[in-house]
Amino acid sequence: MEPKRRERRVVAIAGAAALVAVGLNIAFSAVAAHRRRKRRELPGFTAQANLSAAEIKRIADRIISKSKETYDSVAAVPLDKVSFANVIAPLAELDVLQFPLVQACVLPRMVSPSEDVRKASAEAEKLLDSHFVLCRQREDVYRVIKAFTVKGERIGPEATRFLHSLVKEFERNGVKLSQSKRKEMEKLKSHMDALNLKYLQNLNDFTKFLLLGEDELAGMPFDFLKDLEKADGKFKVPLTSYHVTPILEHCKVGSTRKQIAVAYGQKGGKDNLAILENLVQLRHKFARLLGYTNYADFAIEPRMPRTSRKIKEEGNAQFGMEDLLYYIKRAEEFKVDLDIGEIKQYFPVSLVISGMLKMFQDLFALRFDEIKDVDVWHDTVRVFSVWDASSSDLLGYFFLDIFAREGKYTHTCVVTLQNGCLCSNGTRKVPAAVILSQCPKELDGNSALLRFPEVVRLFHEFSHVVHHVSNRATFSRFSGLRLEGDFTEIPSLLLENWCYESISLKMMSGFHQDITKSITSEACQSLKRRRDLFTGLKMKQEILLCLVDQIIHSSEDVDIDDLIKDLHPKVMLGIPLLEGTSPASCFPRIVFGYDSVCYSYIWSEVFAADLFVSKFKDDLLNQHAGLRFRNKVLAPGGSKDPLEIITDYLGREPSLQPFIQSRKRNSL
């Protein structure tokens, strides 16, 4: 039997997995019944997109109840009777069924107009997170899973990868630790969480401001100055990024730029430096408790590199850190003939969306059909089905929730609602995702306008949507975006290149008063030149951050301030560290979300550059190349090793050269 056919048969085994499905379906049918009568059905989609606060609580409680029931059932299997059907399949099926229900509970926190619903969603998310950690710490379940791993039952490659990821999740949650060691681990986690929060609170609570005279703010636009409060005849300038960045870019007075940069660079102060140093030591202790050499090895293990590594970089520059943004801005004005305010006139929201959808359909051989009368959380949300243009197979759904409103999550991002996967009864669930943004609303029938960076962000995030709905993995665990974080970003960073090419920009643009007039080719070239200016210098700053992140998480007892003072002149050659600042006191990425993996953005850019130059650069709308990319890179999801996927697609090992050449060419 062919491996793929065997894998489909194995996953479709009835028995325990089927009982899980029946139990969950019965448990949730009462909640869903009245909604099914009201809304239009979406084939292959079972998630609920518009729950009340009471329904969220009820579903969360039932998720936990059925999860416990399944784990108890697996734990009860005698070690000499273990099989894929009674151990692994039930856990895989549980993931299939509960993932869309979990997402239905946690999405409202970000999108619901109701404060009560948002609160119920946040509480459910906290409750579910705690429950899932406890599930992955169950020794009785882990013991049964390990017994299956040594039994040697033949299963397909994707099932094997699922089994390995399952074992690793248990082990990374401390299942092999003694009770006393596990208590120590939980104590460390609580302490680290508290320090993370304190570090961020110190940054958010920073309310210092500077009083500056009009002459000290020479060069600042009138619109910037008119919004500032005044005190003692001077402008009151808050030290927030919203105010600091424009001053560092536009103010002609060098002493003001330095004063602002020093004050902003002290934002977290000695308190945050002490917090970070304490946090790093706790992270090392946490990692060693789990058997890792250092925290970097723990954090990087589930990512593409698998083990920690360091980066070196050389470069050239001539001015102080406080002058960096100012002279970059001046170079942009000198070298790039571009009026950003005028460019905005060519990007009405409606035209950007329609052009973006058309381009993705053309490139990847897809068809998007809008669906009306679907039960959603707000009347501005649009729903689309996604079809394969050739076979007319239904691939998935996406929800567009792009307009600003009170209480809504304030950033542009993608949230998965349902994973694509094969169910135990042989049917297939299709992927579904939501794209959130904060676009301005139409005014008096006129489409609102987007700044160009907002266009790029929308395009980047919609690339994640296409990645998700293109998934054809068997297991829910490997659906679309549930894979290595650095691999997730590669397709989106690759596709960002289309935002700087005339052929694609013209598809998404049109003068707001006459949409038949698209953006000019000259303006497209100027946007590209603007992106490429000082890329080498900007990369040095990113590398400095990555080096600090890796070194402190790979070594013990590092004095972070001394490390930065040592590294800064080596990486930012010729640009001295701004005296009086403590960069480590305001590095939120190192503290929260990207600890020990700050490298990942550069890592993803390297692969994206190679893919773009070798496969797309010479023919941006080549549907054959796009379809091959969809089938070879996007469709597997996390079912294969990412390096294997990219190597197979390229027909060779990935290369650093396209990335290096782009930085050398644009390293002004």
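Residues numbered from 1 in each chain as written. Predicted model: local features only at pLDDT ≥ 70, side-chain atom pairs only at ≥ 80, totals over all residues. Heavy atoms only, no water.

- Per UniProt, the comment on the protein under Sequence similarities (unreviewed entry) is "Belongs to the peptidase M3 family." (UniProt positions renumbered as here; feature names shortened; annotations may be inferred.)

### Here's the deal with the overall build of the protein
At step 1: Secondary structure assignment for the protein yields 28 helices and ten strands.
At step 2: Looking at the protein as a whole, 54% of its 668 residues qualify as buried.
At step 3: Summing over all exposed atoms, the protein offers an accessible surface of approximately 30,100 Å²; the carbon and sulfur share of this is 52%. (Helix = DSSP H or I, 4+ residues; strand = E, 2+ residues; numbered from the N terminus. Buried < 20%, exposed > 50% of the residue type's maximum accessible area, 1.4 Å probe, protein only. Areas by Shrake-Rupley, 256 points an atom, 1.4 Å probe, with all protein chains shown as cover.)

### A short note on the pattern of salt bridges
At step 1: All chains considered together, the criterion is met by 27 salt bridges.
At step 2: In this structure, the salt-bridge partner of glutamate 171 is lysine 168, at a minimum N-O distance of 3.7 Å. Of this pair, glutamate 171 and lysine 168 are both found in helix H8 (residues 157-172), three residues apart, which corresponds to roughly one turn of the helix.
At step 3: Salt bridges sharing partners connect three or more residues here, namely Lys168, Glu171, Arg172 and Glu301. (Salt bridge = Lys/Arg side-chain N within 4 Å of Asp/Glu carboxyl O.)

### Remarks on the packing of helix H9 (residues 179-204) against helix H13 (residues 269-289)
At step 1: Where H9 meets H13, the closest approach of the two axes is 10 Å, and the angle between their N-to-C directions is 155°. On the basis of the axis angle, H9 is roughly antiparallel to H13. In this structure, H9 meets H13 at a crossing whose hand is left-handed. (Axes fitted to C-alpha atoms, helices over the stretch in contact; angles between N-to-C directions. Parallel < 35°, antiparallel > 145°, perpendicular 65-115°, else oblique. Left-handed = near helix turned anticlockwise from the far one by under 90°.)

### With respect to the sheet that holds strand E5 (residues 382-388)
At step 1: With respect to topology, five strands assemble into an open sheet ordered E4-E5-E6-E10-E7, the strand pairing being mixed. This sheet does not close on itself; its edge strands, each paired only once, are strand E4 (366-371) and strand E7 (413-418). Strand-to-strand, the axes of this sheet are offset by a mean angle of 25°, without reference to chain direction.
At step 2: Across six bridges, strand E6 (residues 394-403) lies against strand E10 (residues 432-439) in parallel orientation. By the bridge assignment, leucine 400 is partnered in E10 with isoleucine 435.
At step 3: Most of the contacts of helix H17 (residues 349-364) go to E4, to which it runs at about 140°, and overall it touches E4, E5, E6 and E10. (Pairing = 2+ DSSP bridges. Contact = heavy atoms within 4.5 Å.)

### Let's talk about the packing of aromatic side chains
At step 1: Throughout the structure, instances matching the rule amount to 28 aromatic pairs.
At step 2: Between phenylalanine 475 and phenylalanine 478, the aromatic rings sit 6.2 Å apart at their centres with planes inclined by 70°, giving edge-to-face as the arrangement.
At step 3: Look at phenylalanine 478 and you get buried, because its relative accessible area is 3%.
At step 4: Between phenylalanine 616 and phenylalanine 629, the ring centres sit 5.8 Å apart and the planes meet at 80°, which makes this aromatic pair edge-to-face. With phenylalanine 616 in helix H25 (residues 600-616) and phenylalanine 629 in helix H26 (residues 623-634), this residue pair connects regions lying 13 residues apart in the sequence. (Phe/Tyr/Trp six-rings, centres within 6.5 Å; stacked < 30°, edge-to-face > 60°.)

### What to know about the packing of helix H11 (residues 241-250) against helix H12 (residues 254-265)
At step 1: Interaxial distance between H11 and H12 falls to 9 Å at its minimum, and their mutual angle equals 150°. Relative to H12, H11 is oriented roughly antiparallel. Note on packing geometry: the crossing formed by H11 with H12 is left-handed. In this structure, H11 contributes Ser241, Val244, Ile247 and Leu248 to the contact, and H12 contributes Thr256, Arg257, Ile260, Ala261 and Tyr264.
At step 2: Looking at the contact of H11 with H12 residue by residue, the class counts come to six nonpolar, two polar and one charged. (Nonpolar A, V, L, I, M, F, W, Y, C, P; charged D, E, K, R; others polar.)

### Side note on the nonpolar core
At step 1: With 117 residues, the main nonpolar core has Phe452, Phe462 and Trp498 as its most contacted residues.
At step 2: A per-element tally of this core places helix H22 (residues 535-554) first, with ten residues.
At step 3: Not counting the four nearest positions on each side in its chain, phenylalanine 462 is found in contact with Met356, Leu357, Phe360, Phe368, Phe398 and Ile435.
At step 4: Ranked by size, the runner-up nonpolar core spans 29 residues in total, among them Tyr71, Leu166, Val175 and Phe475. (Core = buried A, V, L, I, M, F, W, Y, C linked by side-chain atoms within 4.5 Å.)

### A closer look at the sheet that holds strand E3 (residues 234-238)
At step 1: Across the sheet, which stays open at both edges, the three strands sit in the order E1-E3-E2 with antiparallel pairing between neighbours. In the strand order of this sheet, the two ends are held by strand E1 (209-212) and strand E2 (229-231), each with one partner. The average angle at which neighbouring strand axes cross in this sheet is 40°, direction not considered.
At step 2: Of the strand pairs in this sheet, E2 and E3 are connected by three bridges, and their pairing is antiparallel. Bridged to lysine 230 within E3 is phenylalanine 235.
At step 3: Contacting E1 and E3, H12 runs over the sheet at an angle of about 165° to E1.

### Structural notes on the environment of arginine 257
At step 1: Assignment of secondary structure puts arginine 257 in helix H12.
At step 2: Between the C-alpha atoms of arginine 257 and leucine 217, which are 40 residues apart in sequence, the distance is 9.1 Å.

### As for the side chain of glutamine 418
At step 1: Positionally, glutamine 418 belongs in strand E7.
At step 2: Side-chain polar atoms of glutamine 418 contact the backbone nitrogen of threonine 46, separated by 2.9 Å. (Polar contact = N/O pair within 3.5 Å; in protein donor to acceptor, adjacent residues only side chain to side chain.)

### Brief notes about the confidence of the model for the protein
At step 1: Scored by pLDDT, the protein comes out at a mean of 85, with 88% of its residues at no less than 70.
At step 2: This stretch, residues 311-319, has a pLDDT under 50; its non-local contacts, to residues over four places away or in other chains, come to 21 contacts. (pLDDT = per-residue confidence, 0-100.)

### A closer look at unusual backbone geometry
At step 1: Here aspartate 373, not a glycine, exhibits a phi torsion of approximately 60°, which is positive.
At step 2: Relative to the assigned elements, aspartate 373 resides in the loop between E4 and E5.
At step 3: Aspartate 373 sits in the exposed class, given a relative accessible area of 65%.
At step 4: Here the phi dihedral of aspartate 557 falls at roughly 50°; this positive angle occurs in a residue that is not glycine.
At step 5: Residue placement: aspartate 557 occurs in the loop between H22 and helix H23 (560-571).

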